[in-house]
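What the coordinates show
The chain contents come next:
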Amino acid sequence: MRRILLPLIASTVLLLAGCAANTRNDALTSTLTAYGNAVRWNGLQSALQFVDPAVLKAHPPTDLDLARYRQVTVSDYDDGAGPVPLGENEVQQTVQIRLINIHTQAERGITARQVWRYDEKLKHWWLESGLPDIRQD
């Protein structure tokens, strides 16, 4: 009986571990897609919903930051090679964003280095690095 029971338990544990990793990866893919779409089509302010609430509480965007976000539209959002794992529940992604100033119609690019963290309890990915700094040249 032990000969059958031990392999059965081991395979069940491995199967469940694989399912958890797939759930986390699927959640990451859908979160990154939703974030990219929010930035592209709704503007940078709409992306605030993806920022970790603890990060927002500690470092809320200023009125000046929000005014800057309203002053630009996103013409391109390139996530390059995609996310790179930093640990089991953390990934980093470098994104190239093209912005157009709505007043001058001048276009420029910025690089956003994003850090995403998976919340096991909520089964949700949060942007730890905050919204991109659009003041860079």
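Note that the coordinates shown come from a computational prediction; the quantities given were computed from them, not determined experimentally.

1. What about the nonpolar core?
Grouped together as the largest cluster of nonpolar side chains are 28 residues, with contacts concentrated most on Tyr-35, Ile-97, Leu-99 and Trp-116. Of all the elements, helix 1 (residues 2-42) adds the most residues to this core, at 6 residues. Residues in contact with Ile-97, not counting those within four places in the same chain, are Val-74, Asp-76, Tyr-77, Arg-108, Gly-109, Ile-110, Ala-112 and Pro-132.

2. Description of the packing of aromatic side chains
Overall, the coordinates contain 4 aromatic pairs when judged by the stated rule. For the ring pair Tyr-35 and Tyr-77, a centre distance of 6.3 Å and an interplane angle of 65° mean the geometry is edge-to-face. Here Tyr-77 lies in strand 1 (residues 72-78) and Tyr-35 lies in helix 1, a separation of 42 residues in the sequence. Its relative accessible area of 1% is what places Tyr-35 among the buried residues. Geometrically, the ring pair formed by Tyr-35 and Trp-116 is edge-to-face, given 5.2 Å between the ring centres and 80° between the ring planes. Here Tyr-35 is found in helix 1, whereas its partner Trp-116 is found in strand 4 (residues 107-119), with 81 residues between them in sequence.

3. Concerning the layout of surface pockets
Space inside the largest pocket adds up to approximately 170 Å³. When contributions to the lining of the largest pocket are tallied by element, the ones reaching two or more residues are helix 2 (53-58) and helix 3 (63-70). Split into classes, the residues belonging to the lining of the largest pocket amount to 8 nonpolar, 3 polar and 1 charged.

4. Topic: the environment of Gly-36
When you line up the elements, Gly-36 lands in helix 1. With 11 residues separating them in the primary sequence, Gly-36 and Ala-47 have C-alpha atoms 8.5 Å apart.

Quick notes on the rules
- Residues numbered from 1 in each chain as written.
- Predicted model: local features only at pLDDT ≥ 70, side-chain atom pairs only at ≥ 80, totals over all residues.
- Heavy atoms only, no water.
- Core = buried A, V, L, I, M, F, W, Y, C linked by side-chain atoms within 4.5 Å.
- Buried < 20%, exposed > 50% of the residue type's maximum accessible area, 1.4 Å probe, protein only.
- Helix = DSSP H or I, 4+ residues; strand = E, 2+ residues; numbered from the N terminus.
- Contact = heavy atoms within 4.5 Å.
- Phe/Tyr/Trp six-rings, centres within 6.5 Å; stacked < 30°, edge-to-face > 60°.
- 1 Å grid on protein atoms, 1.4 Å probe; cavity = no way out; pocket = protein on both sides within 12 Å on 5 of 7 lines; lining within 4 Å.
- Points joined across faces, edges and corners; volume = space filled by probe spheres on them.
- Nonpolar A, V, L, I, M, F, W, Y, C, P; charged D, E, K, R; others polar.

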